[in-house]
Amino acid sequence: MNRPYLIGSEIYRISSYGGRHPLAIPRVSAALDLIRAMGWLEEGRYIDSPTATPAQLARFHVPDYIAAVQRAESLQRVPEEDRDRYNIGRNGNPIFPEIFRRPATACGGTLRAIELLGDEGTVYSPAGGTHHGRPDRASGFCYFNDPVLGILALLDQGLERVFYLDIDAHHGDGVQDAFAHDDRVFTISIHEQGRWPYSGELEDRAGGRARNLPVPAGFNDSELRFLLEEAVLPLLEDFEPQAILLQGGADGLADDPMSGLALSNRALWDTVAAVRDKAPRLLVLGGGGYNPWAVARCWAGVWATLNGIDPAAAAPTPAALQMLQGLQWRHSRGREPDARWLTTIADPPHPGPIRDEIRAIAQATRQP
């Protein structure tokens, strides 16, 4: 197993979408702090993320839109015409001090990850995974779309088979639509049925190289493992990818306030382990996640998994306990932490019955 790289930036420690926004919480900085506190980061494996330039962003995004986001950062306001045209300053896409630099840094991290992958490698960039971004507008807290930029960079290198797996609770609509009808890219999204953006129905195949697995509320660890084994991994192996991008949003966890799914962080770690050796290049990204303790523990465990460490068997170090006890959840949906969020890395497993609806999804997904 090759030694992975971890990409991050201090911008996520100082930047917030605003106190009333679900992304007011520490996420990337908390995950990085927990990784270090657990002693899981070897010297030389951390890379500080660059900030993508407007020219790099223009590989997918419209220059006028990029300029509008830059103006919004400079002026800290947008004209009404920009608000309407680019969806900036409304619909969950607020104006905040780093409105350009923060998402551009996430994109810069993903592009740096592609360089680090080379012919064979593994990189984890938890700030990435902004899968709703559109070429000409913000969408779903996403101003730019770093997974699309990363896939385009791989295609520009000459790769012909890139596999994108999205396990965020919300449909990866921006990535799917960017590569609809492109046979070089296979996209799979496992997401909660009937949740925003209200797309990604089972029959939606985006021209053929896409599969959508909309799962019901209460989706448990056993059901995710079943879908992986019966639907996702067979398709992945048949595709024989040269690179895999895994969007590992943590909002499908049972402790997250923004979905009705019931996964433990162990289920996400098992997913990472299941795809880890299926292609010569693996880029793991973050995504959603709106409980600071759940996100930090989950994403730190993703890094451990990529390094061959079993996070479910790891007891928190004194430094990790101190770090977890120092987190705060300042949001209208926040609440006092459960004791286990402060004292454990792994959630208790959330097994359950495999419902007929899940079996039907697996069968439909495997059909040509």
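Look up: the structure comes first, before these words.
Given the structure is predicted, the values throughout are model-derived calculations rather than measurements. The residue numbers shown here count from 1 along each chain, following its written sequence. Totals for whole chains, interfaces and linings use every residue, but because this is a predicted model, local features are given only for residues with pLDDT of at least 70 and side-chain atom pairs only at 80 or more, for both listing and counting. The basis for every side-chain value is the complete set of non-hydrogen atoms in the structure, without hydrogens or water.

Before going further, it helps to examine the sheet that holds strand S1 (residues 5–8). Here, any two strands with at least 2 DSSP bridges between them count as paired. Strands here mean DSSP runs of E at least two residues long; helices mean DSSP runs of H or I at least four residues long; both are numbered from the N terminus. Pairing is parallel in the open sheet, where eight strands are placed in the order S2-S1-S3-S8-S7-S4-S5-S6. Each edge of the sheet is formed by a strand with only one pairing partner; in this case those strands are strand S2 (46–48) and strand S6 (210–215). Averaged over all neighbouring strand pairs, the angle between strand axes comes to 15 degrees, with direction disregarded. For strand S7 (residues 243–247) and strand S8 (residues 281–285), the ladder comprises five bridges, and the chain directions are parallel. Residue pairing across strands places Leu246 opposite Val284, the latter belonging to S8. Axis geometry follows a simple rule: fit a line to the C-alpha atoms, using only the stretch in contact for helices, then measure angles between N-to-C directions, giving values from 0 to 180 degrees.

Attention now moves to helix H10 (residues 265–275). Burial status follows relative accessibility: with a 1.4 Å probe on protein chains alone, a residue under 20% of its type maximum counts as buried, one over 50% as exposed, and anything between as partly exposed. Listed as buried for H10 are Asn265, Ala267, Leu268, Trp269, Thr271, Val272 and Val275. We call two residues contacting when some pair of their heavy atoms lies within 4.5 Å. Those residues of H10 hidden inside the fold are in contact with strand S4 (162–166), helix H9 (221–239), S7, S8 and helix H11 (292–306).

Let us now look at the environment of Pro197. Topologically, Pro197 is positioned in the loop between strand S5 (185–192) and S6. By relative accessible area, Pro197 is classed as buried at 17%. Sequence spacing of Pro197 and Ser139 is 58 residues, and the spatial spacing of their C-alpha atoms is 9.3 Å.

Let us now look at the packing of H9 against H10. Where H9 contacts H10, the axes come no closer than 10 Å and their chain directions differ by 20 degrees. In terms of their interaxial angle, H9 and H10 are classed as roughly parallel. Judged by the twist between their axes, the crossing of H9 over H10 is right-handed. Of H10, the residues touching H9 (which contributes Asp221, Leu224, Arg225, Leu228, Leu233 and Leu236) are Ala267, Asp270, Thr271, Ala274 and Val275. Put simply, Ala, Val, Leu, Ile, Met, Phe, Trp, Tyr, Cys and Pro go in the nonpolar bin, Asp, Glu, Lys and Arg in the charged bin, and everything else, Gly too, in the polar bin. For the contact of H9 with H10, a count of residues per class yields seven nonpolar, one polar and three charged. Any angle that is under 35 degrees is reported as roughly parallel, and any over 145 degrees as roughly antiparallel; angles of 65 to 115 degrees are reported as roughly perpendicular and all others as oblique. Two helices that cross are described as forming a left-handed crossing if the nearer one is turned anticlockwise from the farther one by less than a right angle, and a right-handed crossing if clockwise.

Okay, the nonpolar core next. In this description, a nonpolar core means a group of buried Ala, Val, Leu, Ile, Met, Phe, Trp, Tyr and Cys residues linked to one another through side-chain atoms lying within 4.5 Å. Core analysis: the largest hydrophobic core is formed by 73 residues, its most contacted members being Leu34, Phe163, Phe219 and Leu227. Looking at this core, the element that brings in the most residues is H11, giving 11 residues. Contact partners of Phe163, with chain neighbours within four places excluded, come to Phe186, Ile188, Val232, Leu235, Leu236, Phe239, Pro241, Ala243, Ile244 and Leu245.

With that settled, consider the pattern of salt bridges. Opposite charge on two side chains makes pairing possible when the charged atoms of those side chains draw close. By definition, a salt bridge exists where a carboxyl oxygen of Asp or Glu is found within 4 Å of a side-chain nitrogen of Lys or Arg. Applying the stated criterion to the full structure yields 22 salt bridges. The salt bridge involving Arg13 is made with Glu10; its shortest N-O contact spans 2.8 Å. Accessibility expressed as a relative area gives 42% for Glu10, which makes it partly exposed. In this structure, the salt-bridge partner of Glu73 is Arg101, at a minimum N-O distance of 2.7 Å.

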